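Structural overview
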Amino acid sequence: MRHSSLGPLTPEGALRIKHIRKMIERANIPPTKVDENLILGTWNIRHFGAQPRSADAKRLIAEIINCYDVIALTEVKDDLSDLRDVLDVLGPYWHAVYSDYDADGAGNLERIAYVYDKRMVVFTGLAAEASPPRIKDGDDYVAQAPDWWRSPYMVSFRAGNFDFVMLAVHIRYSGGVRARAAKIGQLADWVERRRNAPSQQDKDFVLVGDFNIPSRRSSAFKALTKHSLQAPRGMIGQGTNLREDKSYDQIVHSPTREGRFTDKGGVIRFYETTHEEVFEGLSLHEFTHQLSDHLPLWIEVDSWIEGEQLDAVIRGAD
């Protein structure tokens, strides 16, 4: 365990780390090798930065993030102190890039943050919010629907011969499934237009985050996958709340190469039967403000496909 500003590790904290490592091992996440494969993920960490978290909770969050090469965090709040503490535990190879926050009720002071291991991926320069299309109205341009409340945030990375864009969202829960489905469908339209644009460099999109989709049978999930986006097999049927009976969080992708996504994926569970295995004496509500009320999702990606470099040379000769 790396020394950090969180202070000395207690025996109770060490037991918690051993427990969470056991749960991580049970997730069967494949090991990664530079330029061969990646573990990508998403996690809604409840009110991350708004609710007081113990040093032990921050260490457990760091243990979980350490399983990934790139992970998108949603519900990160305006105060980044907790995120900085977690990065301090992770060490100097770990970086973060994050969006700004909106101070109104719709934005809820939320950011989206990408935490990544720079030994495994290279940040290639794109970090931007996805903006709704605009139409000309007289001498001016006016934004069309949708208003996503919290703007989707995208970042570009490279590993091996895999250049990709991760786009993370936190879709508004209120308004009902039909309203969510409309916003999600408009986001799927946006992704399809962007990935097919002639000037778009990275055609592989990985769309992640908290979509507040109740199930994969709902109209909201059908709206998400109406074009090229698809769910890896490892995520199909997987619940992402603590009871695992709702599919609020999703990872979907639009691969440009068959076999790019290995169909291995799942969630990391925090405990076997009760949350008191991790934090004894806390209520479940209190526990969710130490770790979360959402489970972290992961998928494996093949970042090197044999022959792709040869194809690039051939295209360059045309």
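Residues numbered from 1 in each chain as written. Predicted model: local features only at pLDDT ≥ 70, side-chain atom pairs only at ≥ 80, totals over all residues. Heavy atoms only, no water.

Focus on the overall build of the chain
Selection criterion: In this description a helix means any DSSP run of H or I spanning at least four residues, a strand means any run of E spanning at least two, and both kinds are numbered starting from the N terminus. Type-normalised accessible area, obtained with a 1.4 Å probe on protein chains alone, sets the label of each residue: buried when under 20%, exposed when over 50%, and partly exposed for intermediate values. Residues are treated as being in contact if the distance between any of their heavy atoms lies within 4.5 Å. Here the open area of atoms and residues is found with the Shrake-Rupley method and a 1.4 Å probe, where only the protein chains shown may cover a residue.
Scanning the chain from terminus to terminus reveals seven helices and 13 strands. Principal-axis analysis of the C-alpha atoms places the extent of the chain at approximately 60 × 45 × 35 Å. Taking all 318 residues of the chain together, 52% fall into the buried category. Partitioning the contacts of the chain with sequence separation of at least 6, the portion at a separation of at least 24 is 76%. Working note: accessible area of the chain is about 14800 Å², and carbon and sulfur atoms make up 47% of it.

Considering unusual backbone geometry
For Asp35, which is not a glycine, the phi torsion comes out positive at approximately 65 degrees. The residue Asp35 is located in the loop between α1 (11–26) and β1 (37–48) in this model. Using a relative accessible area of 38% as the deciding quantity, one classes Asp35 as partly exposed. The residue Leu109 is not glycine, and still its phi comes out positive at about 60 degrees. Structurally, Leu109 is set in the loop between β3 (94–98) and β4 (110–117). Take Leu109: its relative accessible area is 29%, and that puts it in the partly exposed class.

What to know about the sheet that holds strand β12 (residues 261–267)
The line we're drawing: Criterion used throughout: strands pair if DSSP finds at least two bridges between them. Orientation is described by axes fitted as lines to C-alpha atoms, over the contacting stretch for helices, and by angles from 0 to 180 degrees between their N-to-C directions.
If you trace the six strands from one edge of the open sheet to the other, you get β3-β4-β2-β1-β13-β12, paired in mixed fashion. Of all strands in the sheet, those with a lone pairing partner are β3 and β12, marking the two edges. The average angle at which neighbouring strand axes cross in this sheet is 20 degrees, direction not considered. For β1 and strand β2 (residues 70–77), the ladder comprises six bridges, and the chain directions are parallel. Bridge pairing in β2 links Gly41 to Ile71. In the packing of helix α2 (residues 55–65) onto the sheet, contacts are made with β1, β2, β3 and β4, and the angle to β1 comes to roughly 155 degrees.

Here's the deal with the pattern of salt bridges
Quick reminder of the rule: Salt bridge, as applied in this entry: a Lys or Arg side-chain nitrogen positioned within 4 Å of an Asp or Glu carboxyl oxygen.
Enumeration according to the criterion identifies 14 salt bridges in this entry. Between Arg26 and Glu272 there is a salt bridge whose closest N-O contact spans 2.3 Å. Here the residue Arg26 occupies a position in helix α1, and Glu272 occupies one in the loop between β12 and α6 (284–288), the gap between them amounting to 246 residues. Relative accessible area serves as the criterion here: at 42%, Glu272 is assigned to the partly exposed category. For the salt bridge of Lys58 with Asp82, the shortest nitrogen-to-oxygen distance reads 3.0 Å. One end of the pair, Lys58, is in helix α2; the other, Asp82, is in helix α3 (residues 81–90), and 24 residues separate them in sequence. Here the two residues Lys58 and Asp82 agree in accessibility, since each one is buried. Members of the salt-bridge network, linked through shared partners, are Arg16, Asp56 and Arg59.

So, the environment of Tyr173
Residue position: Tyr173 is located in the loop between β9 (162–170) and α4 (176–195). Along the backbone, Tyr173 and Phe211 are 38 residues apart, and their C-alpha atoms lie at a distance of 8.1 Å. Apart from residues lying up to four places away in sequence, Tyr173 is in contact with Arg180, Asn212 and Tyr248.

Topic: the nonpolar core
Using the following cut-off: Among the buried residues, those of types Ala, Val, Leu, Ile, Met, Phe, Trp, Tyr and Cys that are joined through side-chain atoms within 4.5 Å form a nonpolar core.
Counting residues in hydrophobic clusters, the biggest one holds 66 residues, and the most contacted among them are Leu73 and Tyr114. In this structure, Ile184, Trp190, Ala220 and Leu224 belong to the second largest nonpolar core, which totals 23 residues.

Describing the pairing of β1
For the record, the criterion: A clockwise course of the path from the first strand over the helix to the second, judged with the strands pointing away from the viewer, identifies a crossover as right-handed.
By the criterion of burial, β1 is predominantly enclosed, with eleven of the twelve residues buried. With six bridges joining them, β1 and strand β13 (residues 297–302) adopt antiparallel strand pairing. Residue pairing in the sheet places Asn37 in a bridge with Asp302 of β13. Regarding the hand of the β-α-β motif, the stretch spanning β1, α2 and β2 is right-handed.

So, the side chain of Asp204
For clarity, the threshold we go by: Counting of polar contacts relies on pairs of N or O atoms within 3.5 Å, with two restrictions inside protein: one atom must be capable of donating a hydrogen and the other of accepting it, and residues adjacent in sequence are counted only when both atoms are side-chain atoms.
Mapped onto the elements, Asp204 comes out in strand β10 (residues 204–210). Within the structure, the side chain of Asp204 is placed 2.8 Å from the side chain of Thr256, a separation counted as a polar contact. Dropping the residues within four chain positions of it, Asp204 is found in contact with Phe162, Asp163, Phe164, Val165, Ser254, Pro255, Thr256, Arg260 and Phe261.

A word on the packing of aromatic side chains
Quick reminder of the rule: Geometry of aromatic contacts follows a simple scheme: Phe, Tyr and Trp rings, the Trp one being its six-membered ring, pair when their centres are within 6.5 Å, and the pair is stacked under 30 degrees between planes, edge-to-face over 60, tilted otherwise.
Using the criterion set out here, one finds twelve aromatic pairs in the structure. Ring plane angle 90 degrees and centroid distance 6.2 Å describe the contact between Phe162 and Phe261, whose orientation is recorded as edge-to-face. You can see Phe162 sitting in strand β9 and its partner Phe261 sitting in strand β12, a full 99 residues away along the chain. Phe261 matches Phe162 in its accessibility class, with the two residues each being buried.

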